[in-house]
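Now for the letters of each chain:
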Amino acid sequence: MRVLVVDDDKMYRTLVSSSLSDWGYEVVAVDNGKIALEHLAAEDAPRLVVLDWMMPGLSGTDVCKRLRAQPGPLYTYVLLLTARRRMQEVVEGLDAGADDYLTKPFHPSELRARLRAAQRILDLHHKLFESHRELAHLATHDPLTQLFNRRAILGQLSHEAARAQREKKFLAVLLIDVDHFKEVNDRRGHQAGDLVLCEVASRMSAALRPYDSLGRFGGEEFLVALTADSAADASAIAERLRAAVAVTPLFVVGHEFPLSISVGVATASASGPIETESLVHSADSALYRAKHEGRNRVCTALSNPDPRPVAASS
Ligand SMILES: [Mg+2]
């Protein structure tokens, strides 16, 4: 575990650092609060700080307050080290955001025991953080394809709508259906069906730009939310997806599955408020036409001269 040791006093800095190294900690030692905050703002910042109170410039409590004012996703545990021992000062140090307090001069075994306590707290925080992340992933992702689930992709669509308006771009919804999926499921079983869905998902992911959003909308339906410079650009991306999926059949245990998708595209300009719900509805109507016209194709939603979408009339 990495520990940041902050002390303007060279003797104490060296003493604490060498003790910590002896106990197996990886030590980063600095002599002032400003540099300490820079270290703590780094992406892989140490999570444990042994911090001197009395320092020129930023004091230990100043560092604590600034650290707590901008909490990151991971907790930083602060052990304040100081010669100040009056009760009022202890209270002040803890109120500034320190987690624990040790007065100089201290016994090395007490410092060591307090560091172990710190590590227990940090381990708990880490476990909480990990399970929170896991839960967040489970709540927003489809377990089969690992794409966004229906609720999350609709959330992404709202984000994309806001982005389109900010960047004065077009918002596009691509609604995608895997062709002849029911036949695969009925004739080759659900396992083959699952493999087809995963393969289609992975081919589409690879064909999209990293900042486009792809989710499983339900069953064998997928939804892409993206921003584009024009409606034509959005259709071009849809066509690229279609081609990427159809490029080669999928072989599973001696069986060949020709893969293809039908895509309905609806686009809205950011010139006015964007109704994402009606955009999805328009894409759905276009998808229906793509299916009707023979599958493995892209159909664009019919719209009136106003670039904002209206429900397709077919
Ligand atoms: Mg000092």
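Residues numbered from 1 in each chain as written. Predicted model: local features only at pLDDT ≥ 70, side-chain atom pairs only at ≥ 80, totals over all residues.

(A) Just the overall build of the protein, in detail. Within the protein one finds 9 helices and 12 strands. Since a compact globule built from 314 residues should have a radius of gyration of about 20 Å, the 29 Å found for the protein marks it as more spread out than a globular shape. When its C-alpha atoms are laid out on the principal axes, the protein stretches across 85 × 50 × 25 Å. Across the 314 residues in the protein, those meeting the buried criterion constitute 34%. A sequence separation of at least 24 residues applies to 65% of the contacts in the protein between residues at least 6 apart. (Helix = DSSP H or I, 4+ residues; strand = E, 2+ residues; numbered from the N terminus. Rg over C-alpha atoms; globule rule 2.2 N^0.38 Å. Buried ≥ 20, exposed ≤ 12 C-beta atoms within 10 Å, placed from the backbone. Contact = placed C-beta atoms within 7 Å.)

(B) Structural view of the pairing of strand β11 (residues 261-269). The element β11 is extensively covered by neighbouring structure, given that 8 of its 9 residues are classed as buried. Judged from the 9 bridges that link them, strand β6 (residues 170-178) and β11 form a sheet pairing that is antiparallel. Across the sheet, residue Leu174 finds its bridge partner in β11, namely Val265. Two elements, β11 and strand β12 (residues 298-300), share 3 bridges in a ladder whose sense is parallel. When the bridges of β12 are listed, Val265 appears paired with Thr300. Taken together, β11, helix α9 (residues 276-292) and β12 constitute a β-α-β crossover, and its handedness is left-handed. (Pairing = 2+ DSSP bridges. Right-handed = clockwise from strand over helix to strand, strands pointing away.)

(C) Here's a closer look at the domain arrangement of the protein. When its domains are assigned, the protein resolves into domain 1 (2-139) and domain 2 (150-300). Using C-alpha coordinates to define each centre, domain 1 is positioned 49 Å away from domain 2. (Domains from an automatic or database assignment.)

(D) Summary view of the sheet that holds strand β2 (residues 26-30). What the 5 strands build is an open sheet, ordered β2-β1-β3-β4-β5; its pairing is parallel. Both outer strands of the open sheet, β2 and β5 (100-103), are each paired with one neighbouring strand and no more. The sheet shows a mean angle of 20 degrees between the axes of neighbouring strands, taken without regard to direction. With 4 bridges joining them, strand β4 (residues 77-82) and β5 adopt parallel strand pairing. Counted as the bridge partner of Leu81 is Leu102 from β5. (Axes fitted to C-alpha atoms, helices over the stretch in contact; angles between N-to-C directions.)

(E) How the structure looks around the nonpolar core. Ranked by internal contacts, the top residues of the largest apolar core, which has 49 residues, are Val173, Leu174, Val263, Val265 and Ala283. Top contributing element to this core by residue count: β6, with 8 residues. Excluding residues that lie within four positions of it along the chain, Val173 makes contacts with Leu157, Leu223, Ala225, Ala266, Leu279, Val280 and Ala283. (Core = buried A, V, L, I, M, F, W, Y, C linked by C-beta atoms within 7 Å.)

(F) Looking closely at the packing of helix α7 (residues 181-207) against helix α8 (residues 231-246). Running from N to C, α7 and α8 point in directions that differ by 135 degrees, and their axes come no closer than 9 Å. On the basis of the axis angle, α7 is oblique to α8. Seen from above, α7 lies across α8 with right-handed handedness. Contact residues: α7 offers Val200, Arg203, Met204, Ala206 and Ala207, while α8 offers Arg240, Leu241, Ala244 and Val245. Among the residues forming the contact of α7 with α8, the class breakdown is 7 nonpolar, no polar and 2 charged. (Parallel < 35°, antiparallel > 145°, perpendicular 65-115°, else oblique. Left-handed = near helix turned anticlockwise from the far one by under 90°. Nonpolar A, V, L, I, M, F, W, Y, C, P; charged D, E, K, R; others polar.)

(G) Highlighting the sheet that holds strand β7 (residues 213-218). On the basis of which strands lie adjacent, the open sheet formed by 5 strands has the order β7-β8-β6-β11-β12 and mixed pairing. On the outer flanks of this sheet lie β7 and β12, each paired with one strand and no other. The average undirected angle you get between the axes of adjacent strands in this sheet is 25 degrees. Packed onto the sheet, α8 meets β6, β8 (221-228), β11 and β12 and runs at close to 165 degrees relative to β11.

(H) Fine view of helix α6 (residues 150-166). Over its 17 residues, α6 runs 24 Å from end to end, which matches the ideal 24 Å to within 8%, given 1.5 Å per residue. Those residues of α6 that sit buried are Ile153, Gln156, Leu157, Glu160, Ala161 and Ala164. Buried residues of α6 fall within an arc of 150 degrees about the axis and therefore sit on the same side. Opposite its buried face, α6 presents the exposed residues Arg151, Ser158, His159 and Arg166, each directed more than 90 degrees away. Phi turns positive, to about 50 degrees, at Lys168, one or two residues after α6. (Expected span 1.5 Å × (residues − 1). Arc of directions from axis to C-beta.)

(I) Examining unusual backbone geometry more closely. For the bond from Lys104 to Pro105, the omega torsion is -5 degrees, close enough to zero to count as cis. Among the structural elements, Pro105 can be located in the loop between β5 and α5 (108-140). Not every positive phi belongs to a glycine, and His180 is a case in point at roughly 55 degrees. When you line up the elements, His180 lands in the loop between β6 and α7. Under the C-beta neighbour-count criterion, His180 is labelled partly exposed, with 16 such atoms within 10 Å. Positive phi outside glycine occurs at Asn296, with the angle close to 50 degrees. Relative to the helices and strands, Asn296 resides in the loop between α9 and β12. Classification of Asn296 by C-beta neighbours within 10 Å gives partly exposed; the count is 19.

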